Amino acid sequence: MALHELCRDPESQIGQSPTLYYDDSTKTYLLQSWKVTDFERLLPIAVPEHETVVEFPARLLPLFPDGSVGDIRCVCHREDGVERGKGAPGV
C-alpha cells in the first residue's frame, strides 16, 4: 500500500490537517480532518458504529481531484510557497 498526499488545507500549519490522501492499493481516498463530536450536530445523521464523521473547510474542496478520466491529481499551493500533492503515480 502506498498513500499519496494529494492536497492539504493551504491555511493549516505544516504537519496538520485537513489533508486528502489517495491509497493506490485500494483505489480510495482518505481524508484526515477534524472529528465531529458535537452530539447535536450529529443527530440528523445516521452514523454506523464502524464509521465517523469529519469536517473540513470549504476552501479545501476546490483542491480535490475532479475524478475525470481516472485523474487523481491535485495540487495545493501553500502560502509558504511549498507545493504539496503531486498526484499518485501510475494511475
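As the structure is a prediction and not an experimental result, all values here were calculated from the model.

Caption draft 1: Examining the overall build of the protein chain more closely. The number of helices and strands found in the protein chain is one helix and seven strands. Each helix and strand of the protein chain, ordered N terminal to C terminal, gives the series β-β-β-β-α-β-β-β. Across the 91 residues in the protein chain, those meeting the buried criterion constitute 31%. Within the protein chain, counting contacts between residues at least 6 apart in sequence, those at least 24 apart form 37% of the total. Accessible area for the protein chain stands at about 6,100 Å²; split by element, carbon and sulfur atoms hold 54% of it.

Caption draft 2: Region of interest: the pairing of strand 3 (residues 28-32). Here strand 2 (residues 19-23) pairs with strand 3 via five bridges, running antiparallel. Paired with L20 across the strands is L31, a residue of strand 3. Counted between consecutive antiparallel strands, the loop separating strand 2 from strand 3 contains four residues, among which K27 sits at a positive phi close to 60°.

Caption draft 3: Broad picture of the confidence of the model for the protein chain. On average, the protein chain scores 77 in pLDDT, and the residues at 70 or more come to 70%. Of all secondary-structure elements in the protein chain, the lowest mean pLDDT belongs to strand 7 (residues 83-84), at 46, while helix 1 (residues 39-42) reaches the highest, 94. In this model residues 77-91 is a low-confidence stretch, pLDDT under 50, and it forms 42 contacts with partners more than four residues away in sequence or in other chains.

Caption draft 4: A look at the sheet that holds strand 3. Judged by pairing direction, the sheet is antiparallel, and its three strands sit side by side in the order 1-2-3 without closing on themselves. A single partner strand is all that each edge strand has here, and the edge strands are strand 1 (3-8) and strand 3. Shown here is a sheet whose adjacent strand axes are inclined to one another by a mean of 25°, direction ignored.

Caption draft 5: Inspection of the pattern of salt bridges at higher detail. According to the stated counting rule, one finds four salt bridges in the structure shown. For the salt bridge of E5 with R8, the shortest nitrogen-to-oxygen distance reads 2.7 Å. What makes E5 partly exposed here is its relative accessible area of 24%. A relative accessible area of 8% places R8 in the buried class. What you see here is one network of salt bridges that share partners, running through D9, E11 and R59.

Caption draft 6: Expanded view of the packing of aromatic side chains. Within the structure shown, the criterion is met by two aromatic pairs. When the centroid spacing of 5.4 Å and the interplanar angle of 25° are considered together, the rings of F56 and F64 count as stacked. Since its relative accessible area comes to 24%, F64 is described here as partly exposed.

Caption draft 7: Region of the structure containing the nonpolar core. If you look at the biggest cluster of nonpolar residues, it comprises six residues: L6, C7, L20, Y22, L60 and L63. Leave out the neighbours within four places in its chain, and L20 touches H4, E5, L6, C7, Y29, L30, L31, F64 and P65.

The rules we used
Residues numbered from 1 in each chain as written. Predicted model: local features only at pLDDT ≥ 70, side-chain atom pairs only at ≥ 80, totals over all residues. Heavy atoms only, no water. Helix = DSSP H or I, 4+ residues; strand = E, 2+ residues; numbered from the N terminus. Buried < 20%, exposed > 50% of the residue type's maximum accessible area, 1.4 Å probe, protein only. Contact = heavy atoms within 4.5 Å. Areas by Shrake-Rupley, 256 points an atom, 1.4 Å probe, with all protein chains shown as cover. Pairing = 2+ DSSP bridges. pLDDT = per-residue confidence, 0-100. Axes fitted to C-alpha atoms, helices over the stretch in contact; angles between N-to-C directions. Salt bridge = Lys/Arg side-chain N within 4 Å of Asp/Glu carboxyl O. Phe/Tyr/Trp six-rings, centres within 6.5 Å; stacked < 30°, edge-to-face > 60°. Core = buried A, V, L, I, M, F, W, Y, C linked by side-chain atoms within 4.5 Å.

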